[in-house]
Amino acid sequence: MADKQPEGPAETGAEMDYAEHERTYNLFLTISKYTCLIVAATLIAMAFGFFTAAGFISSTILFILICALGVWILR
């Protein structure tokens, strides 16, 4: 019945664009890195606001400071 086996590669598609792949991967890593920074800064600022009598303004200032420091470190 099906005794003949294929002799060539299973898929003969187009060539990979490795430069575009690298750019996409680097963009993904950058977005992931800064998203983690914002989430961590939000959680720290929320904990600071909830567990101290500092209030909303102090938490917002802390959030901005943490984000600024994080961007400076992650560059």
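Please refer to the structure placed before this passage.
Note that the structure is predicted; figures quoted are calculated from it, not measured.

Rules behind the numbers
Residues numbered from 1 in each chain as written. Predicted model: local features only at pLDDT ≥ 70, side-chain atom pairs only at ≥ 80, totals over all residues. Heavy atoms only, no water. Helix = DSSP H or I, 4+ residues; strand = E, 2+ residues; numbered from the N terminus. Axes fitted to C-alpha atoms, helices over the stretch in contact; angles between N-to-C directions. Parallel < 35°, antiparallel > 145°, perpendicular 65-115°, else oblique. Left-handed = near helix turned anticlockwise from the far one by under 90°. Contact = heavy atoms within 4.5 Å. Nonpolar A, V, L, I, M, F, W, Y, C, P; charged D, E, K, R; others polar. Buried < 20%, exposed > 50% of the residue type's maximum accessible area, 1.4 Å probe, protein only. Polar contact = N/O pair within 3.5 Å; in protein donor to acceptor, adjacent residues only side chain to side chain.

S.K.: Requested: an account of the environment of Phe-48, with residues and values cited.
M.R.: Its place among the elements puts Phe-48 in helix α1 (residues 18-51). Taking the C-alpha atoms as reference points, Phe-48 and Thr-60, 12 residues apart in sequence, are found 9.9 Å from one another.

S.K.: Tell me what's going on with the packing of α1 against helix α2 (residues 56-74), and back it up with residues and numbers.
M.R.: Two elements in contact, α1 and α2, have axes whose closest approach is 9 Å; the angle formed by their N-to-C orientations is 150°. Between α1 and α2, the interaxial angle falls into the category roughly antiparallel. Relative to α2, α1 is oriented so that their crossing is right-handed. On α2, the residues that touch Lys-33, Tyr-34, Leu-37, Ile-38, Ala-41, Thr-42, Ile-44, Ala-45, Phe-48 and Gly-49 of α1 are Ser-58, Ser-59, Leu-62, Phe-63, Ile-66, Cys-67, Gly-70, Val-71 and Leu-74. Looking at the contact of α1 with α2, its residues break down into 13 nonpolar, five polar and one charged.

S.K.: If you had to explain the side chain of Ser-59 to someone new, which residues and values would you point to?
M.R.: Summarising the element assignment, Ser-59 is placed in helix α2. By relative accessible area, which is 9% here, Ser-59 ends up buried. At a separation of 3.3 Å, a polar atom in the side chain of Ser-59 contacts the main-chain carbonyl oxygen of Ala-45. One polar contact links the side chain of Ser-59 to the main-chain amide nitrogen of Gly-49, over a distance of 3.3 Å. Those residues in contact with Ser-59 that sit more than four places away from it in its chain are Ala-45, Phe-48 and Gly-49.

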